[in-house]
Amino acid sequence: MSQPLTPVLHALRVHPVKSVGGFTADSAVVEPWGLAGDRRWTLIDESGTAVTQRESPRLALARAEPLRDGGLVLHAPGLEPLEVARPKTGGARTAAPRGGPRTTEPRPTGPRTAVRGTGVGVDLAEAEPPADVHDVVVDIFGTKVDASLADARASDWFSRHLGVKVRLAHMGEPASARPVDPAYARPGDTVAFADSHPLLVVTVSSFDALNSLVAQGDHADEGPLPMDRFRPNLVVAGTAPWAEDGWRRITVGEVTFRVAKPCGRCVITTTDQRTAGRGKEPLRTLARHRRIDGKLVFGQKLVPENTGTVQVGDVVRVFTD
């Protein structure tokens with residue numbers, strides 16, 4: 001008789017810059033808007049619109065590593081690594097979608113307790129590095145959000161990497177800056193520069209099942225696909241394939257997460273994160289097997305219900321009602 005499955009947190013991944021390569025961690029602090037340090041930075045074009053791998057697949061070749069003071073070290077093929085200070089911010093103003101009212105809240109400060117590198121615990125508390133403020137309004141999927149520009153050297157570095165002019169911007173205090181879509185959230189839920197929700201969870205068993213389906217399809221030569229195509233924050237092992245479809249809440253370590261909605265996938269998942277080349281998978285297979293409410297879905301979007309620390313190896317408690 002087989003033993004019941006025990007879900008556990010298998011991996012953690014943090015992406016400091018939207019659409020840029022991130023790093024794995026053994027533990028991470030969960031804030032109301034996501035993992036500490038996750039997607040607090042984004043690239044923008046000259047109009048202020050967020051730039052992602054959708055239109056600039058070469059972003060996959062860059063990597064961002066966090067510094068203790070909230071800054072970054074940037075890496076990309078053919079370029080010298082660049083250290084970038086986090087801009088100072090005096091407060092966070094929020095712009096509701098398409099020009100709603102703005103509010104201002106004081107920005108808390110904290111000790112310089114972040115760590116640098118990969119495969120380690122992450123606690124990216126806010127700090128005040130010596131950088132000047134240059135306010136900019138970022139348009140992220142139709143919502144206008146105030147941010148601060150990084151030093152011009154960082155924008156020049158990314159512009160050389162991509163071959164087009166871009167700027168690097170940082171969200172200072174997400175507590176009020178960008179509300180989550182109210183159709184899939186509660187009042188007060190906010191998010192940094194992630195697509196729509198604070199975190200994304202996927203499961204190992206569903207990932208393996210998807211790769212099995214890819215192997216049976218007409219683009220089997222593109223598989224097996226690596227996990228980094230899906231850019232998750234939490235990876236859970238010890239579940240049945242697609243069990244996450246029925247999840248309503250999960251508890252990992254100290255933190256309970258509300259399961260908000262399935263994650264609709266886009267062309268980024270077809271982008272090889274090592275070459276920036278594009279194929280057909282996994283979208284071809286998801287279209288055949290994982291079309292839900294008109295979306296090609298893989299993984300679930302999460303909203304934290306409290307703050308705390310999560311660690312690889314934590315037992316994951318699942319609630320289905």
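Use the structure listed above.
Our subject in this report is the structure included herewith. Note that the structure is a prediction, hence the values are computed from the model and not measured.

Procedures and definitions
Once a new chain begins, its residue numbering starts again from 1 and follows that chain's sequence as written. Given that this is a predicted model, residues contribute local features only at a pLDDT of at least 70 and side-chain atom pairs are listed and counted only at 80 or more, while totals for whole chains, interfaces and linings are drawn from all residues. Excluded from the side-chain calculations are hydrogens and water; all other atoms, namely the structure's heavy atoms, are used. Runs of H or I in DSSP of at least four residues are treated as helices and runs of E of at least two as strands, each being numbered from the N terminus. Each residue is placed in one exposure class: buried if its accessible area under a 1.4 Å probe, protein chains only, is under 20% of its type's maximum, exposed if it is over 50%, and partly exposed if it falls in between. Contact criterion: two residues are considered in contact whenever any of their non-hydrogen atoms come within 4.5 Å of each other. All accessibility values rest on the Shrake-Rupley procedure with a 1.4 Å probe; residue burial counts only the protein chains present in the view. Note on definitions: salt bridges are taken to be side-chain nitrogens of Lys or Arg within 4 Å of carboxyl oxygens of Asp or Glu. Cysteine sulfur atoms that pair up within 2.5 Å are treated as a disulfide. Every definition here rests on a 1 Å grid over the protein atoms only: cavities are sets of points where a 1.4 Å probe fits but cannot get out, pockets are open sets enclosed by protein on both sides within 12 Å along at least five of seven lines, and lining residues have some atom within 4 Å of a point. Grid points are joined across faces, edges and corners, and a volume is the space filled by probe spheres set on the points. Residues are grouped as follows: Ala, Val, Leu, Ile, Met, Phe, Trp, Tyr, Cys and Pro are nonpolar; Asp, Glu, Lys and Arg are charged; every other residue, Gly included, is polar. Two rings from Phe, Tyr or Trp (for Trp, the six-membered ring) form a pair when their centres sit within 6.5 Å of each other. Planes less than 30 degrees apart are called stacked, planes more than 60 degrees apart edge-to-face, and all others tilted. Criterion for a charge above a ring: Lys NZ or Arg CZ within 6 Å of the ring centre, and within 35 degrees of the ring normal. Two strands are counted as paired when DSSP detects at least two bridges linking them. Axes here refer to lines fitted to C-alpha atoms; in helices the fit is confined to the stretch in contact. Angles between the N-to-C directions go from 0 to 180 degrees.

Before going further, it helps to examine the overall build of the chain. Looking only at helices and strands, one finds three helices and 23 strands in the chain. Within the chain, buried positions represent 54% of all 321 residues. Summarising the internal contacts of the chain: among those between residues at least 6 apart in sequence, 69% fall at separations of at least 24. Here the chain displays about 13,700 Å² of accessible surface, and carbon together with sulfur accounts for 51% of that area.

A separate point is the pattern of salt bridges. Tallying each qualifying case throughout the model produces twelve salt bridges. The closest approach of N and O atoms between D228 and R274, which form a salt bridge, is 2.7 Å. Here the residue D228 occupies a position in the loop between α2 (204-215) and β17 (234-237), and R274 occupies one in the loop between β19 (255-264) and α3 (283-289), the gap between them amounting to 46 residues. The salt bridge involving E305 is made with R258; its shortest N-O contact spans 3.8 Å. Of this pair, E305 sits in the loop between β21 (295-304) and β22 (308-311) while R258 sits in strand β19, and the two are 47 residues apart along the sequence. Since its relative accessible area comes to 34%, E305 is described here as partly exposed. Look at the salt bridges and you will find they share partners, linking R186, D189, R249, R258 and E305 into a network.

So, on to the state of the cysteines. Simply put, the disulfide is a covalent bond whose two ends are the sulfur atoms of two cysteines. Within the structure shown, the criterion is met by zero disulfides. Distance from the sulfur of C266, which forms no disulfide, to the nearest cysteine sulfur (C263) is 8.1 Å. Residue C266 is classed as partly exposed on the basis of its relative accessible area of 23%.

This brings us to the layout of surface pockets. The computed volume of the largest pocket comes to approximately 1,000 Å³. Taken together, 43 residues line the largest pocket, and the ones lying closest to its centre are D195, S196, H197, K261 and K301. Elements with a contribution of two residues or more to the lining of the largest pocket: β16 (199-203), β19 and β21. At four residues, the largest contribution of residues to the lining of the largest pocket is made by β19. When its residues are assigned to classes, the lining of the largest pocket shows 20 nonpolar, eight polar and 15 charged.

Taken as a whole, this structure holds four aromatic pairs when the rule is applied. Over the ring of F319 we find R249; its NZ or CZ atom is 4.6 Å from the centre of that ring. In this structure, K261 packs its charged tip against the face of Y184, placed 4.3 Å from the ring centre.

Okay, the sheet that holds strand β9 (residues 79-84) next. Ordered in space as β7-β8-β9, the three strands form an open sheet in which the pairing is antiparallel. For this open sheet the edge positions go to β7 (63-66) and β9, each flanked by a neighbour on one side alone. If you compare each strand with its neighbour and ignore which way they point, the axes differ by 20 degrees on average. Seen against the sheet, helix α1 (residues 152-162) touches β8 (72-76) and β9 and runs at an angle of roughly 150 degrees to β9.

This next bit is on the sheet that holds strand β5 (residues 41-44). The antiparallel open sheet is built from five strands, whose spatial order is β6-β5-β15-β14-β13. With partners counted over all chains shown, the strands left at the sheet margins are β6 (50-51) and β13 (135-140), one partner each. Relative to strand β14 (residues 143-149), β13 is paired through six bridges, and the arrangement is antiparallel. Its bridge partner lying in β14, D135 is registered against S148. Packing against the sheet, α1 makes contact with β5 and β15 (167-170), and its axis sits at approximately 130 degrees to β15.

Among the seven residues in β14, six count as buried, and that is most of the element. Between the antiparallel neighbours β13 and β14 lie two residues, among them F141 with a positive phi of about 55 degrees. As judged from the two bridges shared by β14 and β15, these two strands associate in the antiparallel manner. Across the sheet, L149 pairs through a bridge with A169, a residue of β15.

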